[in-house]
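Now for the letters of each chain:
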Amino acid sequence: MSSTSSAIDAEQAKSIAIRACETDGTLRLVKHELEAYSKSKVGFLGSHQRLKITVEDEGSGETRTLNFFVKLVPRDSQAQVEFVKQRRVFNQEAEFFTKLMPRLLEATSASHTEAWAPRCYLANEDLVVLEDVRDRGYFMRDSKILSTEQLRSAAAAMARMHAASMIAERRLGQALNELYPQACAEQIFHPQIRDHGNALLESLIVEVSKRTNRSCKNTVPMIHRAFDFVTGHAKHRVVCHGDAWSNNVMIKDGQPAKCLLVDYQMTRYAPRMFDVAELICLSTYRDARDKNEKTVVKAYWEELCETLSKCEPSIDRPTYDELIDEYKQAKHSALFLAVMYLPSIMLSYDVFAKYKDDPAALYQNFVFRRNNACVLELMDQDEEYARRITEAVLDFVESCEKITAAEE
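Residues numbered from 1 in each chain as written. Predicted model: local features only at pLDDT ≥ 70, side-chain atom pairs only at ≥ 80, totals over all residues. Heavy atoms only, no water.

A. Structural detail: the overall build of the protein chain. From N to C terminus, the protein chain includes 15 helices and 10 strands. Compactness check: the protein chain gives a C-alpha radius of gyration of 22 Å against a globular reference of 22 Å for 408 residues, within 12% of the reference. Dimensions of the protein chain, computed from C-alpha atoms along their principal axes, come out at roughly 75 × 55 × 40 Å. Buried positions account for 55% of the 408 residues belonging to the protein chain. For the protein chain, long-range pairs separated by at least 24 residues make up 74% of all intrachain contacts whose partners lie at least 6 apart in sequence. With the model as given, the accessible surface of the protein chain reaches about 18,400 Å², and the carbon-plus-sulfur share is 47%. For the protein chain, the separation between the mean place of its 53 positive charges and that of its 61 negative charges on side chains is 1 Å. (Helix = DSSP H or I, 4+ residues; strand = E, 2+ residues; numbered from the N terminus. Rg over C-alpha atoms; globule rule 2.2 N^0.38 Å. Buried < 20%, exposed > 50% of the residue type's maximum accessible area, 1.4 Å probe, protein only. Contact = heavy atoms within 4.5 Å. Areas by Shrake-Rupley, 256 points an atom, 1.4 Å probe, with all protein chains shown as cover. Lys, Arg positive; Asp, Glu negative; His and termini not counted. Charge placed at Lys NZ, Arg CZ, Asp CG, Glu CD.)

What follows is the structure in structure tokens.
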């Protein structure tokens with residue numbers, strides 16, 4: 001048994017197995033153990049493990065082994081631990097799965113709507129235990145770029161989640177962020193980041209623009225605009241996934257492909273199309289984004305309308321053109337989020353291997369950095385890393401220029 005097995009005791013393991021088997025409790029726990037979920041590092045705000053529980057049916061004597069995905073509080077760096085604890089991101093995910101998620105599932109249960117998230121068996125301030133969806137044929141893509149079909153599938157899953165949010169609010173008669181504030185707490189477009197992180201990102205925008213001989217003006221108020229859109233009082237706000245990039249999208253190949261969204265530490269209450277714009281901006285190259293974004297929005301629209309029609313026909317369904325307009329408004333903020341996220345999420349397996357013996361330095365140099373020196377150095381060495389960050393910066397600068405020109 002691995003040394004981390006103490007994170008889950010025998011009583012918890014048996015309870016998890018009983019819930020997963022949907023039995024009355026006539027199971028005997030044989031053993032349980034934790035092991036690494038994958039050979040390479042996957043997440044930034046959690047340590048990912050695979051939980052194997054072996055149980056015996058006391059009636060038949062049959063023995064079976066069940067697999068689960070476990071996310072534990074990470075210990076790679078002090079800054080990482082402090083962020084997780086101060087922002088209470090595990091508490092937030094526990095609140096989502098234990099209190100808000102049941103409301104969302106209840107909202108669409110009568111129509112047997114296709115799942116959009118994995119089943120949860122335990123969630124608290126220290127860990128989350130979910131079904132291991134790999135056992136059902138779902139996998140995280142090796143590439144950090146999603147194909148058009150994969151994006152459509154992810155957008156459809158997102159639409160089912162958003163529809164559930166809309167339906168639950170209608171039936172409960174109150175905004176879900178008021179009923180479940182801890183599950184919807186904003187982690188990224190946060191006053192602390194706005195006050196202390198914007199200078200770092202503005203510096204990155206300026207430096208990357210210089211490298212491409214592109215001028216950038218008026219970026220500070222445009223950064224504030226990005227924050228205000230997400231946290232302000234825009235219409236059509238729903239419970240959003242909040243962290244929609246390729247590592248949090250589990251795809252099951254097929255015609256059509258199916259998708260489950262994972263990792264709910266960053267759930268927010270925000271404009272619905274910001275979730276879609278974030279997915280597109282974090283998972284595509286610029287040319288594919290421009291070419292396919294309407295196709296992805298259409299897949300979202302079709303699934304949203306179908307789910308609302310089946311589950312709560314009294315709710316007005318948006319037109320495709322209305323969602324396109326919402327997407328255009330949300331895209332500016334999503335591009336800024338890409339500038340914020342890509343220096344971290346685009347780190348290659350080779351970079352993680354380089355910092356294997358000193359993970360704290362990786363977080364200090366890239367995730368919780370105080371300057372962009374290591375980011376710019378890696379851009380000089382890694383063509384793919386440079387391309388993704390450069391495209392996001394130039395797209396954001398172009399968005400700033402368009403907004404400024406339209407308002408002059």
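B. Highlighting the sheet that holds strand β1 (residues 27-36). Spatial ordering of the open sheet is given by β1-β2-β3-β5-β4, a layout of 5 strands whose pairing is antiparallel. Lying at the two open borders of the sheet, with one neighbouring strand each, are β1 and β4 (120-123). Neighbour-to-neighbour, the strand axes of this sheet turn through a mean angle of 25°, independent of strand direction. In the packing of helix α1 (residues 10-21) onto the sheet, contacts are made with β1, β2 (47-57), β3 (63-72), β4 and β5 (127-131), and the angle to β1 comes to roughly 105°. (Pairing = 2+ DSSP bridges. Axes fitted to C-alpha atoms, helices over the stretch in contact; angles between N-to-C directions.)

C. Examining the packing of helix α7 (residues 198-211) against helix α8 (residues 219-231) more closely. In contact at an axis separation of 11 Å, α7 and α8 are set at 125° when each is read in the N-to-C sense. One finds that α7 runs oblique with respect to α8. For α7 against α8, the interelement crossing comes out right-handed. Mapping the contact onto sequence places Asn198, Glu202 and Ile205 in α7 and Thr219, Val220, Ile223, His224 and Phe227 in α8. (Parallel < 35°, antiparallel > 145°, perpendicular 65-115°, else oblique. Left-handed = near helix turned anticlockwise from the far one by under 90°.)

D. The arrangement of empty space enclosed by the protein in detail. Per the counting criterion, the structure on display carries 2 cavities of 30 Å³ or more. Taken as a whole, the second largest cavity holds about 40 Å³ of empty space. Lining the second largest cavity are Cys281, Thr284, Arg289, Leu335, Ala338, Leu342, Arg388, Glu391 and Ala392. Only α11 (320-345) and α15 (383-407) provide two or more residues apiece to the lining of the second largest cavity. (1 Å grid on protein atoms, 1.4 Å probe; cavity = no way out; pocket = protein on both sides within 12 Å on 5 of 7 lines; lining within 4 Å. Points joined across faces, edges and corners; volume = space filled by probe spheres on them.)

E. Spotlight on α8. A rise of 1.5 Å per residue sets the reference length of α8, with its 13 residues, at 18 Å; its end C-alpha atoms lie 19 Å apart and thus fit the reference within 8%. Of the residues making up α8, those classed as buried are Thr219, Met222, Ile223, Ala226, Phe227, Phe229 and Val230. Down the axis, α8 shows its buried residues gathered within 160° of arc, on one side only. (Expected span 1.5 Å × (residues − 1). Arc of directions from axis to C-beta.)

F. Fine view of the packing of aromatic side chains. Here the structure, examined in full by the defined rule, presents 14 aromatic pairs. A ring pair is formed by Phe336 and Phe396, whose centres lie 5.6 Å apart and whose planes are at 45°; its orientation type is tilted. Of this pair, Phe336 sits in helix α11 while Phe396 sits in helix α15, placing them 60 residues apart in sequence. Accessibility assignment for this pair places Phe336 and Phe396 in one class, buried. Seen from their ring centres, Tyr363 and Phe368 are 6.2 Å apart, and the 25° between their planes marks the pair as stacked. Sitting over the face of the ring of Tyr37, Arg134 holds its NZ or CZ atom 3.7 Å from the ring centroid. (Phe/Tyr/Trp six-rings, centres within 6.5 Å; stacked < 30°, edge-to-face > 60°. Lys NZ or Arg CZ within 6 Å of the ring centre and 35° of its normal.)

G. Representation of the pairing of β2 in the model. Pairing of β1 with β2, which is carried by 9 bridges, proceeds in the antiparallel orientation. Following the sheet pairing, Leu29 is matched in β2 by Val55. One ladder, built from 10 bridges, connects β2 with β3; its direction is antiparallel. Of the residues in β3, the one forming a bridge with Gln49 is Val70. Taken together, β2 and the strand that follows it, β3, pair antiparallel across an intervening segment of 5 residues, in which Gly61 is found at a positive phi of about 80°.

H. Representation of the sheet that holds strand β8 (residues 249-252). The sheet built from 3 strands is open, its strands ordered β6-β8-β9 with antiparallel pairing. The sheet is open, and its two edges are formed by β6 (139-140) and β9 (258-261), each paired on a single side. In this structure, β6 lies alongside β8, joined through 2 bridges in antiparallel fashion. Within β8, the position partnered with Met140 by the bridge is Met250. Each of β8 and β9 is contacted by helix α4 (residues 148-172), which is oriented at about 55° to β9, the strand it contacts most.

I. Fine view of unusual backbone geometry. Following Gln255, the chain continues to Pro256 via a peptide bond in cis, the omega torsion being 0°. Inspection of the secondary structure puts Pro256 in the loop between β8 and β9. Residues other than glycine seldom take positive phi values, yet His236 does so here, at roughly 60°. Position of His236 among the secondary structure elements: in the loop between α8 and β7 (237-240). Although it is not a glycine, Asp263 adopts a positive phi angle of roughly 75°. Inspection of the secondary structure assignment puts Asp263 in the loop between β9 and β10 (268-271).

J. How the structure looks around the packing of α11 against α15. Remark: α11 packs on α15, axes separated minimally by 9 Å, with the N-to-C direction vectors making an angle of 150°. By the angle between their directions, the pair α11 and α15 is classed as roughly antiparallel. Crossing of α11 against α15: the hand is left-handed. Residues His332, Leu335, Phe336, Ala338, Val339, Leu342 and Pro343 of α11 form the contact with α15, whose participating residues are Tyr385, Arg388, Ile389, Ala392, Val393, Asp395, Phe396, Ser399, Cys400 and Ile403. Looking at the contact of α11 with α15, its residues break down into 13 nonpolar, 2 polar and 2 charged. (Nonpolar A, V, L, I, M, F, W, Y, C, P; charged D, E, K, R; others polar.)

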